[in-house]
Amino acid sequence: GAGVSQSPSNKVTEKGKDVELRCDPISGHTALYWYRQSLGQGLEFLIYFQGNSAPDKSGLPSDRFSAERTGGSVSTLTIQRTQQEDSAVYLCASSLVDNEQFFGPGTRLTVL
Amino acid sequence: AQSVTQLDSQVPVFEEAPVELRCNYSSSVSVYLFWYVQYPNQGLQLLLKYLSGSTLVESINGFEAEFNKSQTSFHLRKPSVHISDTAEYFCAVTRRYGGSQGNLIFGKGTKLSVKP
C-alpha cells in the first residue's frame, strides 16, 4: 500500500518568508509525528499528534513553528519568518501501533 | 528524559567482514528500542525493534541486536556485511508508558561504509 508522502520534496525560500510543509500519513494511522534532520543537530522530534488528543508540542524549537492536523489525517507544518538555521530535512512519520513509526521521504528546506 | 549515544560516527569495513555498531541509552523509565537505517538519498526505514520478550532481535537482512538492560546497550551486529549495507544507522528509544511515549529519541547516527 501507499506509504507516508510529503510535499514538496524540496523547498528553497528567502529568509523571513513563511513556508508550509505537507504530510499525508498512511491511511488509518492514528499517530503522526514531525521530526527535523540537520547536520548539526541530528534527528530531533518536533511535534506529535495522536487521534483527537491535544498535540505534544514539546519539541518545537520556537513559536515560529506550528503544525495542525486536519480531520485526523493530513498535517501541515508551518514555519513563519524563516531563518537560515531552519534549513534542514523535515521528516514526517505515522504509526498505527504507538511504537512503530513509518517515515516519509522528507522535505529538504533551504533558507537563503 | 531519555538519551541515546552512538559511540562511532563512522565505521569503515571490508565486504564480508563482521561489524558491530554500538548504541547506549540512558533513561529513568522503561523503554522500547529501535534501529533505523537510511540508505543514500532515501528515507528512514525500521531495521529492527525490541519491545519485550527475547532480548535478541533479528532483521530480515541478517542484522541482529541484543538488548542488555544492565549495560543499557542495544548494539547492532552483522556477521558478514555486503556493499549494499552501506548506509547510516540510527539507534532510537521511546518511553514505554505515559506522556509523549510515541516520539523517538535518536542517536547521532553511525555511517557504515562497506568497501570491496
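So, a few notes on the structure that sits alongside this text. Worth saying up front: this structure is predicted, and the values here are computed from it rather than measured. (Residues numbered from 1 in each chain as written. Chains lettered and ligands numbered in written order. Predicted model: local features only at pLDDT ≥ 70, side-chain atom pairs only at ≥ 80, totals over all residues. Heavy atoms only, no water.)

Glancing now at the packing of aromatic side chains. Inspection of the entire model under this criterion finds 13 aromatic pairs over all chains. Ring geometry for Tyr50(B) versus Phe67(B): centroids 4.5 Å apart, planes at 25 degrees, classification stacked. You can see Tyr50(B) sitting in strand β6 (residues 44-50) and its partner Phe67(B) sitting in strand β8 (residues 64-68), a full 17 residues away along the chain. Grouping aromatic residues by their ring pairs yields a cluster made of Tyr33(A), Tyr35(A), Phe45(A), Tyr48(A), Phe103(A), Phe34(B), Tyr36(B), Phe90(B) and Phe106(B). (Phe/Tyr/Trp six-rings, centres within 6.5 Å; stacked < 30°, edge-to-face > 60°. Helix = DSSP H or I, 4+ residues; strand = E, 2+ residues; numbered from the N terminus.)

This paragraph deals with the environment of Leu21(B). Residue and element names in this part refer to chain B. One can find Leu 21 in strand β3 (residues 19-21). Placed 91 residues apart in sequence, Leu 21 and Leu 112 show a C-alpha to C-alpha distance of 8.5 Å. The contacts of Leu 21, once residues within four sequence positions are left out, are Val 11, Trp 35, His 75, Leu 76, Tyr 89 and Thr 110. (Contact = heavy atoms within 4.5 Å.)

On to the nonpolar core. One finds Leu33(B), Trp35(B), Leu47(B), Leu48(B), Phe74(B), Leu76(B) and Tyr89(B) to be the most contacted residues of the largest nonpolar core, which totals 28 residues. Breaking this core down by element, the ones donating at least two residues are β2 (10-14), β3, β5 (31-38), β6, β8, β9 (73-78), β10 (87-95) and β12 (110-115) of chain B. Apart from residues no more than four positions distant in its own chain, Tyr89(B) is found in contact with Gln6(B), Leu21(B), Trp35(B), Tyr36(B), Val37(B), Leu47(B), Phe63(B), Leu76(B), Gly109(B), Thr110(B) and Leu112(B). Core analysis: the second largest hydrophobic core is formed by 20 residues, Leu21(A), Cys23(A), Ala88(A) and Cys92(A) among them. (Core = buried A, V, L, I, M, F, W, Y, C linked by side-chain atoms within 4.5 Å. Buried < 20%, exposed > 50% of the residue type's maximum accessible area, 1.4 Å probe, protein only.)

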